[in-house]
Amino acid sequence: MSFDYNQTGLPANPQWMLACKLCHGWLGAHMTMFSAERHLAFMVNQPVAAARRVFDNCDPFTADSITVLLLGPAKGTLVETAGAERMARHLFSDRVVDMVKCIDNPELLAEADEEMQRDVGRIILSEGISTMNDQLIGRSRIDAHHQVRWNILSHLEEQARILAGRDPQLDVLFADALVQSRASLEALDRANNQTAAKTPRKP
C-alpha cells in the first residue's frame, strides 16, 4: 500500500514529496512489526500532521522547515554519514541539513541565525503535539512504558517554557495538548491506585 502525497492537502513541492517518500520508506525498512496500514496512519498522524500544523498556523513559514517535518523519523538518516550528508545537501538544501543537526544539538542551535532558531522551535513544538496525540492523550490503560510517557510529558512541558511566545496559534495547540496529556496520565494513575487499594493483600 503506497502513500499518496496528493492526499496530504499540501501543495505540490518536489522536496516535500521526496521527504514523504523517504519517511515512508524508512517506516518500511525499520518498522516491519507494523502493517502497511499502520505505516500509512503514521504518515498521516505524525509527519504530515506536524507539517500541516506549521503550514496552517505559522505565517510566514519556510519551505525547508516543512521539508524537515515531512522527513519525520527519517531525518536522522540525512546526517548518519558524511556521504549521506553530502547527498542530502544536494537533494534538499544546506539549510535542511543544518536544521536537522540543530534539533538535537543545543550548542549548534545557539549559534544559528534567528530564522533557523525559530524554525527549529516550531519543529520541536509541532512534532511534540503529534507525539502527545499518539503516545499520551486518551490512553486507556497503564503499560510498561507508563513512566516513559511521564518523562516525555515532563520534557515537553519544559520545551513549552523555553520555546513558547513566537507563534501564538501553535502555542495554543501545544498548551492544549499538554493539558490533555497530563489529564490522561493522571487519570490512569488514579485508576491504578484505586485498583491497588481494592486488591486484598496476600497473607
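Residues numbered from 1 in each chain as written. Predicted model: local features only at pLDDT ≥ 70, side-chain atom pairs only at ≥ 80, totals over all residues. Heavy atoms only, no water.

Would you mind showing me how to read the packing of helix 3 (residues 63-71) against helix 7 (residues 114-136) here?
Packed helix pairs are characterised by how far apart their axes lie and by the angle those axes make with each other. Direction vectors running N to C along helix 3 and helix 7 enclose 35°, while the axes themselves pass 10 Å from each other. For the pair helix 3 and helix 7, the crossing hand works out as right-handed. Residue-level contacts link Ser65, Val68 and Leu69 of helix 3 to Asp119, Ile123, Ser126 and Glu127 of helix 7. In the contact of helix 3 with helix 7, the residues fall into three nonpolar, two polar and two charged. (Axes fitted to C-alpha atoms, helices over the stretch in contact; angles between N-to-C directions. Helix = DSSP H or I, 4+ residues; strand = E, 2+ residues; numbered from the N terminus. Left-handed = near helix turned anticlockwise from the far one by under 90°. Contact = heavy atoms within 4.5 Å. Nonpolar A, V, L, I, M, F, W, Y, C, P; charged D, E, K, R; others polar.)

Is there a simple way to explain the pattern of salt bridges in this structure?
If the charged atoms of two oppositely charged side chains come close together, the side chains can form a pair. Evaluation of the coordinates by the stated rule reveals 16 salt bridges. Arginine 89 serves as the salt-bridge partner of glutamate 85, at 2.9 Å between the closest nitrogen and oxygen. Of this pair, glutamate 85 and arginine 89 both sit in helix 4 (residues 82-91), four residues apart, which is roughly one turn of the helix. You can call glutamate 85 buried: its relative accessible area is 17%. One salt bridge in this structure joins arginine 89 and aspartate 94, with 3.3 Å as the shortest N-O distance. (Salt bridge = Lys/Arg side-chain N within 4 Å of Asp/Glu carboxyl O. Buried < 20%, exposed > 50% of the residue type's maximum accessible area, 1.4 Å probe, protein only.)

Got a minute to help me understand the nonpolar core in this structure?
The tendency in soluble globular proteins is for nonpolar side chains to be buried side by side. Ranked by size, the top nonpolar core spans 53 residues in total, and within it Leu70, Val120, Met132 and Phe174 carry the most contacts. Sorting the residues of this core by element identifies helix 1 (14-30), helix 2 (36-57), helix 3, helix 5 (94-103), helix 7, helix 8 (146-163) and helix 9 (168-198) as the ones contributing at least two each. By residue number, the principal contributor to this core is helix 7, which donates eight residues. In this structure valine 120 touches Met99, Cys102, Ile103 and Leu109, once residues within four positions along its chain are discounted. (Core = buried A, V, L, I, M, F, W, Y, C linked by side-chain atoms within 4.5 Å.)

When you look at the environment of threonine 8 in this model, what are you seeing that I'm missing?
Tracing the backbone through its elements, the reader meets threonine 8 in the segment before helix 1. Taking C-alpha positions, threonine 8 is 18 Å from threonine 62, a pair spaced 54 residues apart along the chain.

Could you clarify how one ought to interpret the packing of helix 4 against helix 5 in this entry?
One way to put it is that helix 4 packs onto helix 5 with a least axis distance of 7 Å and a crossing angle of 130°. Classified by the interaxial angle, the pair formed by helix 4 and helix 5 is oblique. For the pair helix 4 and helix 5, the contacting residues are Glu85, Ala88 and Arg89 in the first and Asp94, Val97, Asp98 and Lys101 in the second. Considering only residue class, the contact of helix 4 with helix 5 consists of two nonpolar, no polar and five charged. (Parallel < 35°, antiparallel > 145°, perpendicular 65-115°, else oblique.)

What's the story with the packing of aromatic side chains in this structure? I'm lost.
Throughout the structure, instances matching the rule amount to two aromatic pairs. Residues tryptophan 16 and phenylalanine 55 carry aromatic rings whose centres are separated by 6.2 Å and whose planes lie at 90° to one another, so their mutual orientation is edge-to-face. With tryptophan 16 in helix 1 and phenylalanine 55 in helix 2, the pair connects residues that are 39 residues apart, well separated along the chain. Judged by its relative accessible area of 4%, tryptophan 16 falls in the buried class. Ring centres 5.0 Å apart and planes at 45° place the aromatic pair phenylalanine 55 and phenylalanine 61 in the tilted group. Note on phenylalanine 55: relative accessible area 24%, which makes it partly exposed. (Phe/Tyr/Trp six-rings, centres within 6.5 Å; stacked < 30°, edge-to-face > 60°.)

What is shown is where atoms sit, not what they do.
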